[in-house]
Amino acid sequence: MFLLLLPACGLLAEHYGAPADPTDGTELEIEVPAGATIRSMAAPLAEAGAIADADAFVTWARITGEGACIKAGRHRVRPDMDAWQLTAALCDAPLPDDVPFTVVEGWRIREIDAALVEAGLAEAGAYTAAANAPDRYTASFPLPDDTLEGYLYPDTYMVDPTRFSVEDFIQRQLDELARRFVEPHADDLEPRGLHAIVTMASMIE
């Protein structure tokens, strides 16, 4: 029975791993966040047009077990790549102008601002001003009205110094907070609310 299943799995993998458009060689730039998995990248890849269907791509990844080696950073892919080629591109070294920037856990806005200045990525005060304007950003959870203190997820981010934007960086931090903390703990957060937890954490710091 097991031997009979192997050809079927192979056919399914080929079906779900087919290119989005075999005739489209347009290069697309894809950002892989730190800690992302091949399955979590399905939606961004579909949104960019690199794959035809996110659910099919996840099914392909489940069948084949491919993609454990994907690397954080920017990568170039094309719609004419099948799932194996696309995954190989995401497992390759990121585009060379990406550099790591680490936001240390416990850092406040002013400390992130200072670190960005030291790294040559932003002017003094630019990050602080952007982080104190929450209405510039979107999130799957309510944002405070005055400051994003406590909402800026600490992690190592791959950034392009030639195109760095404090607003884009803050949006990435909020997206990471949603993906790594808010969504996995949605049931626990519901009774108390995210803001209460963030406020308590800030007081402890």
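Up top you'll find the structure we're talking about.
Below or above, wherever it landed, is the structure these notes cover. For clarity, every value in this text was computed on a predicted model and none was experimentally measured.

**A closer look at the packing of helix H3 (residues 54-64) against helix H4 (residues 83-91)**
Step number 1: Axis separation between H3 and H4 bottoms out at 11 Å; the angle between their running directions is 80 degrees. One finds that H3 runs roughly perpendicular with respect to H4. Between H3 and H4, the residues in contact are Phe57, Trp60 and Thr64 and Ala83, Trp84, Leu86 and Thr87, respectively.

**Brief notes about H4**
Step number 1: Here H4 has its buried residues at Ala83, Leu86, Thr87, Ala89, Leu90 and Cys91.
Step number 2: Contacts made by the buried residues of H4 are with strand S1 (28-32), helix H2 (42-48), H3 and strand S2 (73-77).
Step number 3: N-capping of H4 is provided by aspartate 82, with a side-chain oxygen placed 3.1 Å from the backbone N of tryptophan 84.

**Structural notes on the pattern of salt bridges**
Step number 1: Tallied over the entire structure, the rule returns 12 salt bridges.
Step number 2: Among the salt bridges present, the one from aspartate 160 reaches arginine 74, with a minimum N-O distance of 3.3 Å. Taken together, the residues aspartate 160 in the loop between strand S4 (156-159) and helix H7 (166-182) and arginine 74 in strand S2 connect sequence positions 86 residues apart.
Step number 3: Among the salt bridges present, the one from arginine 136 reaches glutamate 167, with a minimum N-O distance of 3.0 Å. Taken as a pair, arginine 136 in the loop between helix H6 (126-131) and S4 and glutamate 167 in helix H7 lie far apart in primary sequence, 31 residues in all.
Step number 4: For arginine 136, a relative accessible area of 47% translates into the label partly exposed.
Step number 5: Taken together, the shared-partner salt bridges in this structure form one network comprising Glu29, Arg74, Asp160 and Arg163.

**What about the side chain of histidine 75?**
Step number 1: Position of histidine 75 among the secondary structure elements: in strand S2.
Step number 2: Owing to a relative accessible area of 2%, histidine 75 belongs among the buried residues under this scheme.
Step number 3: Here the side chain of histidine 75 touches alanine 89 through a polar contact of 3.1 Å, landing on its backbone oxygen.
Step number 4: Apart from residues lying up to four places away in sequence, histidine 75 is in contact with Leu28, Glu29, Ile30, Val32, Ala89, Leu90, Asp92, Ala93, Pro94 and Leu95.

**So, the state of the cysteines**
Step number 1: Enumeration over the complete set of coordinates arrives at one disulfide.
Step number 2: There is a disulfide in this structure between cysteine 69 and cysteine 91, and the S-S distance comes to 2.0 Å. Between cysteine 69 and cysteine 91, the S-S dihedral sits near 90 degrees, and the bridge is therefore right-handed. One end of the pair, cysteine 69, is in the loop between H3 and S2; the other, cysteine 91, is in helix H4, and 22 residues separate them in sequence.
Step number 3: Using a relative accessible area of 12% as the deciding quantity, one classes cysteine 91 as buried.

**Points about the environment of arginine 74**
Step number 1: Residue classification places arginine 74 among the buried residues on the basis of a relative accessible area of 4%.
Step number 2: Residues arginine 74 and aspartate 97, spaced 23 residues apart in sequence, show a C-alpha to C-alpha distance of 9.0 Å.
Step number 3: When residues no more than four places from it in sequence are discounted, the contact partners of arginine 74 are Glu29, Ile30, Glu31, Pro94, Leu95, Asp97, Asp98, Asp160 and Arg163.
Step number 4: Here aspartate 160 takes part through its side chain, which lies 3.3 Å from a polar atom of the side chain of arginine 74.

**Focus on the nonpolar core**
Step number 1: Counting residues in hydrophobic clusters, the biggest one holds 27 residues, and the most contacted among them are Phe101, Leu116, Tyr127, Leu152, Phe169 and Ile170.
Step number 2: For this core, the elements supplying multiple residues, two or more each, are helix H5 (109-118), H6, S4 and H7.
Step number 3: The leading source of residues in this core is H7, at seven residues.
Step number 4: Setting aside chain neighbours within four positions, we find isoleucine 170 in contact with Tyr127, Ala130, Ala131, Tyr137, Leu148 and Leu152.

**Observations concerning the layout of surface pockets**
Step number 1: Space inside the largest pocket adds up to approximately 710 Å³.
Step number 2: If you go around the largest pocket, you meet 24 residues; those closest to its centre are Ile30, Glu31, Pro33, Arg172 and Asp175.
Step number 3: Mapped onto the lining of the largest pocket, the elements with two or more residues apiece are S1, H2, S4 and H7.

The rules behind each value
- Residues numbered from 1 in each chain as written.
- Predicted model: local features only at pLDDT ≥ 70, side-chain atom pairs only at ≥ 80, totals over all residues.
- Heavy atoms only, no water.
- Axes fitted to C-alpha atoms, helices over the stretch in contact; angles between N-to-C directions.
- Helix = DSSP H or I, 4+ residues; strand = E, 2+ residues; numbered from the N terminus.
- Parallel < 35°, antiparallel > 145°, perpendicular 65-115°, else oblique.
- Contact = heavy atoms within 4.5 Å.
- Buried < 20%, exposed > 50% of the residue type's maximum accessible area, 1.4 Å probe, protein only.
- Polar contact = N/O pair within 3.5 Å; in protein donor to acceptor, adjacent residues only side chain to side chain.
- Salt bridge = Lys/Arg side-chain N within 4 Å of Asp/Glu carboxyl O.
- Disulfide = S-S within 2.5 Å.
- Core = buried A, V, L, I, M, F, W, Y, C linked by side-chain atoms within 4.5 Å.
- 1 Å grid on protein atoms, 1.4 Å probe; cavity = no way out; pocket = protein on both sides within 12 Å on 5 of 7 lines; lining within 4 Å.
- Points joined across faces, edges and corners; volume = space filled by probe spheres on them.

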